[in-house]
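# Descriptive analysis of the structure
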Amino acid sequence: MTESPDRRPLPRDFFDRPVLEVAPDLLGRTLIRDTDDGPIELRLTEVEAYAGAIDPGSHAFRGRTDRNAVMFGPPGHAYVYFTYGMWHCLNLVCGPEGMASGVLLRAGEIGAGVELARKRRLSARHDRELAKGPARLATALGVDRALNGTDVCAGPGAPLSILAGTPVPPDQVRSGPRTGVGGDGAVHPWRFWIGDDPSVSPYRAHAPRKRRT
């Protein structure tokens, strides 16, 4: 018999750890987005770790700015950024405070609230594609910059929260290079996903932008 996912909220000290510990440990956890139309629940299946000052792929690699200030802590908060002038992406800040590390939520399986997610993701051909990729995940959940800095450890009623869910056994966790990261940051195998899960997004190597002539 399969055990039901654990409904207890993850405490702040879960996030107050090195990013490479937190990232794979988020797989199988339950993300809840509480909206005016009702809650949407998502089982996390793919994430990427970003390690601040030691990581050329991180937004915080060159220091603190107005855009990335939330990444510097405290842990257990959402960092939401806008990219390519059209998409939002959702990250979870982890500790210790001041180290500016975070985990990008790349993909997940929508459970409760699937009808609400479908309304936001009309182009999805199957439910497994509703949150298959970081921009799709944020769109399906109705995440935008208004949620930047949200405390995901605040408890019931918070717009974003994380429950213990069903942690993934280590032998089911896969790792590899992060999607779309180039330069020195491309070598880090800091993308983590659940093996053979259909909601995981496809890997794409970094493709340098061509300059207009």
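Before any of the text, the structure's been laid out above.
Residues numbered from 1 in each chain as written. Predicted model: local features only at pLDDT ≥ 70, side-chain atom pairs only at ≥ 80, totals over all residues. Heavy atoms only, no water.

Here we take up the layout of surface pockets. Considered as a void within the structure, the largest pocket measures approximately 1,200 Å³ in volume. Lining the largest pocket are 38 residues, and of these Thr83, Tyr84, Arg106, Thr179 and Gly180 sit closest to its centre. Among the secondary structure elements, those contributing two or more residues to the lining of the largest pocket are strand E3 (38-50), strand E4 (78-83), strand E5 (87-94), strand E6 (101-110) and helix H4 (134-141). A per-element tally of the lining of the largest pocket places H4 first, with four residues. Taken together, the residues that form the lining of the largest pocket break down as 15 nonpolar, 14 polar and nine charged. Put simply, the second largest pocket is a space of about 210 Å³. If you go around the second largest pocket, you meet 15 residues; those closest to its centre are Ala51, Gly52, Ile54, Met99 and Ser101. Its residues assigned to classes, the lining of the second largest pocket comprises 11 nonpolar, four polar and no charged. (1 Å grid on protein atoms, 1.4 Å probe; cavity = no way out; pocket = protein on both sides within 12 Å on 5 of 7 lines; lining within 4 Å. Points joined across faces, edges and corners; volume = space filled by probe spheres on them. Helix = DSSP H or I, 4+ residues; strand = E, 2+ residues; numbered from the N terminus. Nonpolar A, V, L, I, M, F, W, Y, C, P; charged D, E, K, R; others polar.)

Under the criterion given, the structure shown has 14 salt bridges. Across the pair Arg43 and Asp197 runs a salt bridge, and its minimum N-O distance is 3.1 Å. Here Asp197 lies in the segment after strand E9 (191-194) and Arg43 lies in strand E3, a separation of 154 residues in the sequence. Measuring nitrogen to oxygen at the nearest pair gives 2.9 Å for the salt bridge that ties Arg125 to Glu129. One salt-bridge network, in which partners are shared between bridges, spans Glu46, Glu48, Arg106 and Arg191. (Salt bridge = Lys/Arg side-chain N within 4 Å of Asp/Glu carboxyl O.)

Our next topic: the side chain of Asn91. On the secondary structure map, Asn91 appears in strand E5. We classify Asn91 as buried; its relative accessible area is 6%. (Buried < 20%, exposed > 50% of the residue type's maximum accessible area, 1.4 Å probe, protein only.)

Taking the C-alpha atoms as reference points, Asn91 and Ala107, separated by 16 residues in sequence, lie 12 Å from one another. The residues touching Asn91, leaving out its near neighbours within four places in the chain, are His77, Ala78, Tyr79, Tyr81, Val103 and Leu104. (Contact = heavy atoms within 4.5 Å.)

This paragraph deals with the pairing of strand E2 (residues 30-35). By the criterion of burial, E2 is predominantly enclosed, with five of the six residues buried. Looking at chain direction, E2 and E3 are connected through six bridges and run antiparallel. Among the inter-strand pairings, Leu31 is bridged to a residue of E3, identified as Leu42. Between E2 and E3, which pair antiparallel and follow one another directly, the connecting turn spans two residues. Across four bridges, the pairing between E2 and strand E7 (residues 160-165) is antiparallel. (Pairing = 2+ DSSP bridges.)

Once that is clear, we can look at H4. Most of H4 sits out of view: six of its eight residues are buried. Restricting attention to buried positions, one finds in H4 the residues Pro134, Ala135, Leu137, Ala138, Ala140 and Leu141. Buried residues belonging to H4 abut E2, E3, E5, E6 and helix H3 (114-120). Positioned one or two residues after H4, Gly142 has a phi angle of 70 degrees, which is positive.

To continue, consider the state of the cysteines. Taken as a whole and judged by the stated rule, the model has zero disulfides. Counting only cysteine sulfurs, Cys94 is the nearest neighbor of Cys89, a cysteine outside any disulfide, at a range of 17 Å. Note on Cys89: relative accessible area 5%, which makes it buried. With no disulfide of its own, Cys94 lies 11 Å from the sulfur of Cys153, the closest cysteine sulfur. (Disulfide = S-S within 2.5 Å.)

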